[in-house]
Amino acid sequence: MSSPRIQAPRGTHDVLPDDATRREAVEDVARRVLGAAGYRRIETPAFEATELFRRTVGESTDIVQKEMYTFEDAGGRSLTLRPEGTAPVCRAYLEHGMHKLPQPVKLWYLSSFFRYERAQAGRQRQFWQVGTEAIGSDDPALDAESIVLLAELLDALGVRDVRLRISSLGTPQTRAAYREELQAYLRAHEERLSEEVRARIDQNPLRAFDADHPGTREVMAGAPLLPDRLDGDDAEHFATVRALLDDAGLAYELDPTLVRGLDYYARTVFEFTSDALGAQSGVGGGGRYDGLIEQLGGPPTPAVGWAAGVERILLASAQQPVGQPAVTVFIGFRTDHAGSRALASRLAHEARRTGLAAQMELAGRSPKGQRKQADRLGARYVLFIDDLDVTLEDTESGEQTELAPDAVIPAILRGRQLS
Ligand code: HAM
């Protein structure tokens, strides 16, 4: 009786070779675009102390309440598979004394994250993000630079139909005062609101902005908006960010009701969506989190960053077919014995040492089958070993030459120089 098969857990997926090639393109573009702006790569552990996320992402968020993979290790510590990258990078900033480096410290990452969410297209339980964190400056130019870099990255990766929404949340105090004002406004118009919105006035008054219910929509058209309640410095900061985005020619929509699913934001917040995606249209988002490092026991340290989902980038970008990179040399056999096998291995190593991509026959095909395999791999040169003699075929010209084994690789290299 055969054993039952074991499948990958729900909400996870294997990255197969063609997909891996497309991901390498994301990594290459990220390194180029972010590297040119002074960002350097950082990677943090896949799990952290649970307290790190509780304190920063926020006790009342969906992430902390329902989505974390939390477990106790054999030593009795509560650990959590990272649901996001900002808190871990800030922990690392403090732990490694990066405040002593010239500020801001600009970091980027490309890592996998874990959230127990309802799995669907573009929403997994293990997913990848490319992200940046720029720590140690409250300059609005850093907010604008950060947003422009994400726009450039998405553009360079061919993400289609991108839209940017921005807002400002001000300080936690501004937000708390605004929340009370909005709650009072909703209570004053309670009889016109949908039952659902009414039930959530205490818990989540901002939800009322998303309602489809006609009465609620009418009420919300006259509701107070958070960006109108920003204090002088915050309002000026936001105005400068917007002016810099205008200067950069980046189109955006002001969305005074933009809320993010993490508690650590202050001042600027933004989100990029792609109309090429379905329900999960958020391709990347971020903002300023000036209070986070202090929450982790560090000195007051302003910072801004974003993260974009790699799977969503790939879903929203034009599908380019990816093939295997072409092999330059295919090595086959007319006679298959230990001596010719040893020679094939030696020639394959020699070719690779000189930088040529080389593969040898490994499946016991007939000479005709080997020739076909060489074509499938797109080989430019085919070597056939007959005993210890070697025939070199140039597949472009069809020319065949018999050569001494030691002369073969130099002949290919010479041929490549000439072509
Ligand atoms: P976030 O908005 O929670 O922000 O996630 C950023 C991006 O990750 C989303 O826009 C989406 O593309 C992708 N993403 C999130 N959850 C999933 C999922 N379950 N499946 C697939 N993709 C997903 C953050 O994580 C913040 N740490 C961003 C940030 C950095 N803010 C400041 N610095």
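Residues numbered from 1 in each chain as written. Predicted model: local features only at pLDDT ≥ 70, side-chain atom pairs only at ≥ 80, totals over all residues. Heavy atoms only, no water.

**Some remarks on the overall build of the chain**
So, step 1. Counting secondary structure elements, the chain contains 14 helices and 16 strands.
So, step 2. Here the C-alpha radius of gyration of the chain, 29 Å, is well above what a compact globule of 419 residues would show, namely 22 Å.
So, step 3. The dimensions of the chain, computed from C-alpha atoms along their principal axes, are 95 × 60 × 50 Å.
So, step 4. Evaluated residue by residue, the chain yields a buried proportion of 46% over its 419 residues.
So, step 5. Carbon and sulfur atoms make up 49% of the accessible area of the chain, which amounts to about 21,500 Å² in all.
So, step 6. Of the charged side chains in the chain, 50 are positive and 63 negative, and the gap between their average positions amounts to 5 Å. (Helix = DSSP H or I, 4+ residues; strand = E, 2+ residues; numbered from the N terminus. Rg over C-alpha atoms; globule rule 2.2 N^0.38 Å. Buried < 20%, exposed > 50% of the residue type's maximum accessible area, 1.4 Å probe, protein only. Areas by Shrake-Rupley, 256 points an atom, 1.4 Å probe, with all protein chains shown as cover. Lys, Arg positive; Asp, Glu negative; His and termini not counted. Charge placed at Lys NZ, Arg CZ, Asp CG, Glu CD.)

**A closer look at the nonpolar core**
In summary, soluble globular proteins display a tendency toward joint burial of nonpolar side chains.
So, step 1. The biggest cluster of nonpolar side chains holds 45 residues, and the ones touching the most others in it are I135 and M220.
So, step 2. Element by element, the count of residues in this core is highest for helix α4 (residues 86–95), at five residues.
So, step 3. With near-sequence residues (within four places) excluded, M220 lies in contact with L182, L186, A208 and F209.
So, step 4. By size, the runner-up hydrophobic cluster in this structure holds 38 residues, among which are A30, I166, V241 and W306. (Core = buried A, V, L, I, M, F, W, Y, C linked by side-chain atoms within 4.5 Å. Contact = heavy atoms within 4.5 Å.)

**Overview of the site of the ligand**
So, step 1. Among the 26 residues in the neighbourhood of the ligand, the closest are listed as E84, E117, Q124, E133 and Y265.
So, step 2. Within the contact set of the ligand, a nitrogen atom lies 3.3 Å away from a backbone nitrogen or oxygen of W306.
So, step 3. Out of a free accessible area of 660 Å², the ligand has 95% covered by protein chains.
So, step 4. Of all the elements in the fold, those that place two or more residues in the shell around the ligand are β6 (126–135), β10 (282–288) and β11 (303–309).
So, step 5. Top contributing element to the shell around the ligand by residue count: β10, with six residues.
So, step 6. Tallied by class, residues from the shell around the ligand come to eight nonpolar, eleven polar and seven charged. (Near = heavy atom within 4 Å. Polar contact = N/O pair within 3.5 Å; in protein donor to acceptor, adjacent residues only side chain to side chain. Nonpolar A, V, L, I, M, F, W, Y, C, P; charged D, E, K, R; others polar.)

**Section: the pairing of β6**
So, step 1. Burial within β6 is extensive, with eight of its ten residues counted as buried.
So, step 2. Of the pairings in the sheet, the one linking strand β5 (residues 105–114) to β6 comprises ten bridges and is antiparallel in character. Note on β6: the bridge partner recorded for L110 is V130. (Pairing = 2+ DSSP bridges.)

**Regarding the packing of helix α5 (residues 140–156) against helix α9 (residues 232–247)**
A pair of packed helices is characterised by two quantities: the angle between their axes and the separation of those axes.
So, step 1. It is the contact of α5 with α9, at a shortest axis distance of 8 Å, that shows an interaxial angle of 40 degrees. On the basis of their axis angle, the class for α5 and α9 is oblique. Relative to α9, the crossing made by α5 is right-handed. Contacts from P140, A141, D143, A144, I147 and V148 of α5 reach α9 at H237, T240, V241, L244 and L245.
So, step 2. Looking at the contact of α5 with α9 residue by residue, the class counts come to eight nonpolar, two polar and one charged. (Axes fitted to C-alpha atoms, helices over the stretch in contact; angles between N-to-C directions. Parallel < 35°, antiparallel > 145°, perpendicular 65-115°, else oblique. Left-handed = near helix turned anticlockwise from the far one by under 90°.)

**A word on the pattern of salt bridges**
Note that side chains of opposite charge can pair when their charged atoms are close.
So, step 1. Tallied over the entire structure, the rule returns 31 salt bridges.
So, step 2. Across the salt bridge formed by E311 and R23, the nearest N and O atoms sit 3.1 Å from each other. In this pair, E311 sits in helix α11 (residues 310–316) while R23 sits in helix α1 (residues 17–35), placing the two residues 288 residues apart along the sequence.
So, step 3. Exposure remark for E311: the relative accessible area of 8% places this residue in the buried category.
So, step 4. Measuring nitrogen to oxygen at the nearest pair gives 2.9 Å for the salt bridge that ties R91 to E95. (Salt bridge = Lys/Arg side-chain N within 4 Å of Asp/Glu carboxyl O.)

**Considering the packing of α1 against α5**
So, step 1. Running from amino to carboxyl end, α1 crosses α5 at an angle of 145 degrees, the nearest separation of the two axes being 10 Å. Crossing geometry of α1 relative to α5 is assigned as right-handed. Across from V29, A30, R32, V33 and L34 in α1, the residues of α5 making contact are L149, E152, L153 and A156.
So, step 2. Tallied by class, residues from the contact of α1 with α5 come to seven nonpolar, no polar and two charged.

**Some remarks on helix α12 (residues 338–353)**
So, step 1. End to end, α12 covers 23 Å across 16 residues, agreeing with the expected 22 Å (1.5 Å per residue, within 8%).
So, step 2. Buried within α12 we find S340, L343, A344, L347, A348, E350 and A351. All buried residues of α12 project into a common sector of 165 degrees when viewed along the axis, lining one side. Across from the buried face of α12, at angles greater than 90 degrees, the exposed residues are A338 and R353.
So, step 3. One or two residues past the end of α12 sits G355, with phi positive at roughly 95 degrees. (Expected span 1.5 Å × (residues − 1). Arc of directions from axis to C-beta.)

**Comments concerning unusual backbone geometry**
So, step 1. In this model, Q103 is joined to P104 through a cis peptide bond whose omega is -10 degrees.
So, step 2. Take P104: it is sitting in the loop between α4 and β5.
So, step 3. Positioned with a positive phi, D387 is a non-glycine residue whose angle comes to about 55 degrees.
So, step 4. Assignment of secondary structure puts D387 in the loop between β14 (381–386) and β15 (389–394).
So, step 5. Take D387: its relative accessible area is 41%, and that puts it in the partly exposed class.

**Focus on the side chain of S194**
So, step 1. The topology assignment puts S194 in the loop between α6 (172–188) and α7 (195–199).
So, step 2. In this view, S194 contacts H213 and T216; residues no more than four positions away in its chain are not counted.

**Describing the domain arrangement of the chain**
So, step 1. Per the domain assignment, the segments of the chain are domain 1 (17–170 + 230–316) and domain 2 (329–414).
So, step 2. Each of domain 1 and domain 2 was reduced to a C-alpha centroid, and the two centroids are 49 Å apart. (Domains from an automatic or database assignment.)

**Description of the environment of T273**
So, step 1. You can see T273 is positioned in strand β9 (residues 268–274).
So, step 2. A relative accessible area of 12% means that T273 is categorised as buried.
So, step 3. C-alpha separation for the pair T273 and Q120, spaced 153 residues apart in sequence, amounts to 17 Å.

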